[in-house]
2 protein chains.
Amino acid sequence: MATTESSLSQEISEQTALVTKLKADNSETSLVEEARKKLAELKKNLNLLKNAASGGKDTGKKKERLLLKTAKGTRDYGPGEMFCREHVERIIKDCFTTYGGSQLDTPVFERRDILTDKYGEDAKLIFDLMDQGGEQLSLRYDHTVPLARYLAMTLSNSPQSKLWQVGKVYRRDNPVMSKGRMREFSQADFDISGSWDTMIPDAEILSLLCTILTRLDIGEFTVKLNHRKILDGIFEVCGVPAEKIRSISSAVDKLDKLPWSEVKKEMCEEKGLDSSTADKIGEYVKRKGGEDLLTILLSDTVLIANENAKQGLSEMSELIMLLKAYKVADKVSFDMSLARGLDYYTGIIYEAIVADSAPPGFKVDATADALEAAPKTKKKPAKKGKEAEDEEDIDESTVGVGSIAAGGRYDNLVSSLISAAAGEGKKSTGVPCVGVSIGLDRIFAILYPKWIEKGMRQKETFAFVMAAGDGILEERVKLVTELREAGVKADFLAKTKPKLPTQFTAGEKDEVPFAIILGGEELKEGLVTVKEQKWEMKEGKKTKIESSDKGVKIKRDELVQWLKSSQTYSDWQTGKW
Amino acid sequence: MATTESSLSQEISEQTALVTKLKADNSETSLVEEARKKLAELKKNLNLLKNAASGGKDTGKKKERLLLKTAKGTRDYGPGEMFCREHVERIIKDCFTTYGGSQLDTPVFERRDILTDKYGEDAKLIFDLMDQGGEQLSLRYDHTVPLARYLAMTLSNSPQSKLWQVGKVYRRDNPVMSKGRMREFSQADFDISGSWDTMIPDAEILSLLCTILTRLDIGEFTVKLNHRKILDGIFEVCGVPAEKIRSISSAVDKLDKLPWSEVKKEMCEEKGLDSSTADKIGEYVKRKGGEDLLTILLSDTVLIANENAKQGLSEMSELIMLLKAYKVADKVSFDMSLARGLDYYTGIIYEAIVADSAPPGFKVDATADALEAAPKTKKKPAKKGKEAEDEEDIDESTVGVGSIAAGGRYDNLVSSLISAAAGEGKKSTGVPCVGVSIGLDRIFAILYPKWIEKGMRQKETFAFVMAAGDGILEERVKLVTELREAGVKADFLAKTKPKLPTQFTAGEKDEVPFAIILGGEELKEGLVTVKEQKWEMKEGKKTKIESSDKGVKIKRDELVQWLKSSQTYSDWQTGKW
């Protein structure tokens, strides 16, 4: 029963993905409706099953059954999915090293006080470990704070560095699984720390981000860009009191999912800002554009008289100049409503979005300040029982994948850790940092359906060794071993005397390009038969192209060389295939 | 101060590794003594610092300082270390796919009841998450139980599979950091599940293990091999009561670190076995050997009359035949004292050890039953305060790296999960499994010192673009971008107007093989200067070989092509360099 329940859940998540996809592709209404109906049916069945499993209304005191599932907000990734995820990670890691980065790995959990006071009100989303004697520990919430801890600890060793990390981070958020919003999720971070000349590392990071998104072939994307100092300058010029700047800033950040009237309401009614001050802010933050916008702002004498705004605008000009040399200026859009949630940003801030990935009027955030932008949850009638607190479901169809990467400059985080360790009153010289976090699950959520649609391979096995006739186990093992030693990924069916069609089926499941057939008589003559197999997508299904030929006979001793000199092998080695 | 404390800890762990290495290499006594003295000095300094940091005896109520460190039993891996670890992982993953494996990824935490009753008395080492509302969760203890859960959930999809996982697992054990025994550690698992013909998957796994250890170039290794059914048969034949078989088995497993007299004492005094029964067992389990030993046992009419022993011996014979075809029979040693701790093994069991990696008379276990074999801890006087419970230090110098991989056949684990989910009395058909766990931290602990000694590179950057003269920032950015687009890993110094020697120093730190120098005048002529740089180890230090030549002048437009057609580039691409 549990098996059925879990396979039903799997079907539901696949069907949900299908419905989303059909809608995204503007498919025919009838198709969408049909898919939707099937989804409702599946959900109903799951509920029936769950009720049956819990024994209906009054089961008495039966021994509790084990629930075979992963923890809420987490999931397994099976072979096909991992093949795609590895492909994504490989590209990202290659870009990271191409840009001169070195890898860092920090533990999944940290001493709790390292994480304290870094995430504002989102701190409630931190997973804590149980007190089992010893230290108080928590699962890491992002890669940025562990990196800052590492930099604070090793400062003397490398004052300037490019470090990258790929790994899982943890947030007790409300998951939206089909969109890649999880409690356990993977981020790939790249950070440049240390004293460099202005805007060069910032431009490196933006160039890196654009290179990665281009190489991932994720579709049209835009990197929205702003500068904390420009924002602060605007707020000062408009007359926002210093103590309200951060809270007004976070109201502004909602402009991409709420109309101005709502944002203004929040500023004035909730946060007590003058209506006229809010209107002045509105005139600025509603603007988006490119270099033209920068030129307009630079000629704004009121704004330019403000020290913060002046510095921010001057840095933005330098940045744009550099982005042109990096050939990515066209990917970047200056968006004055981008504010980002985290307090620690001190310079430029940015986030990457994929065109049309989010429904209009909505925003979900991949990174540090995800929570701010969390979709409204539909509260269900209060549940009793111990899991009640944890049960707020989100209507997944209203949530887009949202931003797929984000980051900014944070010049004070490392020094604040060093000061805290040195004790009261001690100041540390700063370690300026700029970095980006790429949300791997969001990217996977976008790429995997395309991957499936294109019928991409899910396994690398290159040759499948088979027996015609009486098993010939030892010969099969010897040949497979020889192939593997030569670097040819090879497999065979682990049966003593398998039938030939069974072996072909096994090889076809792996979409193996070469079937190698051993026959007793042929082997005596020193020969083996090789059949090349090709597949193509037919009506959304991977289908083997039947060829009439019976394969070629190759000398057993020359087989490895023959395979390795085939065109297919060299295509396979260079990743074309 | 915190910085100094952490850098001291780092020095201590390096010095500890050095002492161990010197001893392992049988270096001159004076050298060992000197290294030991320095270690003692460092430890003393650390204690002084710690006392100073905690403010001596009575500091009163100062605001508590942040302790800048990783959690106990965990550590960061910096750039050089990660370069080596990635190298190890890349080889292992390549072997996994060469053997037809597909990747699986499961969450770091599981619903607690999935892990319950799987680890016997070691269950106390499981890290639990705090109850923050919702599910009861624990960090995974190994990859085997999550894999079994995955198989139980997805059974209908793929009845036969080769799955691998690489990732971190967690145990609240007493860490021995310098030997790679950690609370957070990485394991690479490969498992074959489903119904195959006898011993073929088992032989595949052993062949895979030997291939990996050979390709890692870890030094001479042996795979110790035994069979649970042979052991059970021996116990039955010798007259051990059924209910004592598992506990006597775990006593036998200690034979590689305790003399027979001690093991016998444990059997008789602690576990209440007859002395004569113990002696009979002793006659069997003290034996080690190859096929010869198998032949002797097969002619032991008393033993062969036992059903378990007969089946185990027959399977061992089949296995040895297959291992010959796989060309790994010489790596495997039949060791009748190998019993392994976990209850769930049902067939062959094995563990790989590296020659001379463990001091004689001692054993540390890399995998599931690590605890059983844990070294005796030196209890210090009881501490007060909240971390007391967590503070048992181990004398690291007495601990070897121990076994670096282990595994076996476990045919009932998946079906027991399915039965538990289906409810009382329901039986599930079995899903036979056989697998291996490779301890990545132990392998790293062995390989990294060699890696350093050989002066292996720690970064992949291939070209460093420099400016002679007035900065030429834009030209440098353009060239770096062009190189990166062409797949050449390239970097430059992020300064507006850096001095040439500073740029050379930065490039040398990365051991970059090509320095590309841009000069204003040369650029006008369309030329750049390229200098190839080589390094070698001199007196344990990486040294640049000074060449007298001034470099070659290459046309700017042909530079990328020129670099990519160099011998160094093709060596670099094929990993020779």
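As recorded in an unreviewed UniProt entry, chain A goes by the name histidine--tRNA ligase, listed as coming from Phellinidium pouzarii. According to the UniProt record, the Sequence similarities (unreviewed entry) comment for chain A is "Belongs to the class-II aminoacyl-tRNA synthetase family." Taken from UniProt, the Catalytic activity (unreviewed entry) comment for chain A reads in full: "tRNA(His) + L-histidine + ATP = L-histidyl-tRNA(His) + AMP + diphosphate + H(+)".

(A) Broad picture of helix 17 (residues 500–509) of chain A. Residue and element names in this part refer to chain A. Turning to helix 17, its buried residues number three or more, namely Gln503, Phe504, Ala506 and Gly507. Seen along its axis, helix 17 keeps its buried residues to an arc of 160°; they face one direction. Seen from the open side of helix 17, the exposed residues pointing more than 90 degrees away from its buried face are Pro501, Thr505 and Lys509. Two residues or fewer past helix 17, glutamate 511 is found with a positive phi of approximately 50°.

(B) Focus on the sheet that holds strand 8 (residues 332–335) of chain A. Residues and elements named next belong to chain A. Strand order in the open sheet formed by nine strands is 1-4-5-11-10-9-6-8-7, with mixed pairing between adjacent strands. Pairing within the sheet leaves two strands with one partner each, and these edge strands are strand 1 (102–103) and strand 7 (288–289). Along the sheet, helix 5 (residues 144–154) makes contact with strand 4 (161–170), strand 5 (184–193) and strand 11 (433–439), crossing strand 4 at roughly 135°.

(C) Here's a closer look at the packing of aromatic side chains. Enumeration over the complete set of coordinates arrives at 28 aromatic pairs over all chains. Centroid distance A:Phe96 to A:Phe190: 5.2 Å. Interplanar angle 50°. Geometry classified as tilted. Taken as a pair, A:Phe96 in helix 3 (residues 79–98) and A:Phe190 in strand 5 lie far apart in primary sequence, 94 residues in all. Judged by relative accessible area, A:Phe96 falls into the buried class, the value being 0%. Given the relative accessible area of 1%, A:Phe190 is considered buried. Ring centres 5.6 Å apart and planes at 90° place the aromatic pair B:Tyr77 and B:Phe444 in the edge-to-face group. With B:Tyr77 in the loop between helix 2 (29–53) and helix 3 (79–98) and B:Phe444 in helix 15 (residues 440–453), this pair connects stretches of sequence that are 367 residues apart. Taking relative accessible area as the criterion, B:Tyr77 reaches 5% and is therefore assigned buried.

(D) Structural view of the domain arrangement of chain A. Residue and element names in this part refer to chain A. Its domain assignment divides chain A into domain 1 (2–53), domain 2 (79–380 + 397–453) and domain 3 (463–573). Listed per partner, the contact involves four residues of domain 1 and five residues of domain 2. Of the roughly 320 Å² buried between domain 1 and domain 2, counting both surfaces, carbon and sulfur atoms make up 60%. The three residues of domain 1 that bury the most area against domain 2 are Thr20, Lys21 and Lys23, which together make up 68% of that side's buried surface. Taken together, the links from domain 1 to domain 2 amount to zero salt bridges. One can count zero residue pairs in polar contact (both at pLDDT 80 or more) joining domain 1 with domain 2.

(E) Representation of empty space enclosed by the protein. Under the counting rule described, the total for this entry stands at twelve cavities of 30 Å³ or more. Roughly 620 Å³ of volume is contained in the largest cavity. At the level of elements, helix 3 and strand 4 of chain A together with helix 3 and strand 4 (161–170) of chain B are the ones that each hand at least two residues to the lining of the largest cavity. Class assignment of the residues belonging to the lining of the largest cavity gives a composition of six nonpolar, six polar and 14 charged.

(F) Region of the structure containing the packing of helix 3 of chain A against helix 15 (residues 440–453) of chain A. Residue and element names in this part refer to chain A. Where helix 3 meets helix 15, the axes come as close as 10 Å, and the angle between the chain directions of the two elements is 120°. Relative to helix 15, helix 3 is oriented oblique. Crossing hand, helix 3 versus helix 15: right-handed. Where helix 3 abuts helix 15, its residues Gly80, Glu81, Phe83, Cys84, Arg85, His87, Val88, Glu89 and Ile92 lie against Leu440, Asp441, Ile443, Phe444, Leu447, Tyr448 and Trp451. Considering only residue class, the contact of helix 3 with helix 15 consists of ten nonpolar, two polar and four charged.

(G) Looking closely at the relation of the copies chain B and chain A. Expressed as a screw operation, the relation of chain B to chain A combines 0.0 Å of axial shift with a rotation of 180°, fitting to an RMSD of 0.2 Å. A rotation of that kind, with that shift, is consistent with a two-fold axis. Interface overlap between copies is the fraction of interface residues in one copy that are interface residues in the other; for chain B against chain A it reaches 99%, indicating a shared surface.

(H) Structural detail: the interface of chain B and chain A. On the chain A side, the residues contacting the 104 residues of chain B number 104 residues. Applying the counting rule to chain B against chain A returns 14 salt bridges. One salt bridge connects B:Arg149 with A:Asp76, and the closest N-O pair in it is separated by 2.7 Å. Here the residues of the side of chain B that touches chain A sort into 42 nonpolar, 22 polar and 40 charged.

(I) Layout of the pattern of salt bridges. For the coordinates displayed, the defined rule picks out 73 salt bridges over all chains. For A:Arg149, the salt bridge identified is with A:Glu110, shortest N-O distance 2.7 Å. Here A:Arg149 is found in helix 5, whereas its partner A:Glu110 is found in strand 2 (residues 109–111), with 39 residues between them in sequence. When the shortest N-O distance is used, the salt bridge between B:Glu89 and B:Lys93 registers 3.9 Å.

(J) Representation of the sheet that holds strand 13 (residues 490–492) of chain A within the structure. Residues and elements named next belong to chain A. Strands sit in the order 13-12-14-15-18 across an open sheet of five strands; the sheet is mixed. Looking at the sheet topology across the chains shown, the edges are occupied by strand 13 and strand 18 (552–555). Taken pair by pair, the neighbouring strands of this sheet meet at an average axis angle of 30°, ignoring direction. Relative to strand 18, strand 15 (residues 527–532) runs antiparallel, the two sharing four bridges. Across the sheet, residue threonine 529 finds its bridge partner in strand 18, namely lysine 553.

Here is what the cut-offs are and how they apply
- Residues numbered from 1 in each chain as written.
- Chains lettered and ligands numbered in written order.
- Predicted model: local features only at pLDDT ≥ 70, side-chain atom pairs only at ≥ 80, totals over all residues.
- Heavy atoms only, no water.
- UniProt positions renumbered as here; feature names shortened; annotations may be inferred.
- Buried < 20%, exposed > 50% of the residue type's maximum accessible area, 1.4 Å probe, protein only.
- Helix = DSSP H or I, 4+ residues; strand = E, 2+ residues; numbered from the N terminus.
- Arc of directions from axis to C-beta.
- Pairing = 2+ DSSP bridges.
- Contact = heavy atoms within 4.5 Å.
- Axes fitted to C-alpha atoms, helices over the stretch in contact; angles between N-to-C directions.
- Phe/Tyr/Trp six-rings, centres within 6.5 Å; stacked < 30°, edge-to-face > 60°.
- Domains from an automatic or database assignment.
- Buried area = accessible area lost by both parts, 1.4 Å probe.
- Salt bridge = Lys/Arg side-chain N within 4 Å of Asp/Glu carboxyl O.
- Polar contact = N/O pair within 3.5 Å; in protein donor to acceptor, adjacent residues only side chain to side chain.
- 1 Å grid on protein atoms, 1.4 Å probe; cavity = no way out; pocket = protein on both sides within 12 Å on 5 of 7 lines; lining within 4 Å.
- Points joined across faces, edges and corners; volume = space filled by probe spheres on them.
- Nonpolar A, V, L, I, M, F, W, Y, C, P; charged D, E, K, R; others polar.
- Parallel < 35°, antiparallel > 145°, perpendicular 65-115°, else oblique.
- Left-handed = near helix turned anticlockwise from the far one by under 90°.
- Least-squares fit on C-alpha atoms with pLDDT ≥ 70 in both.

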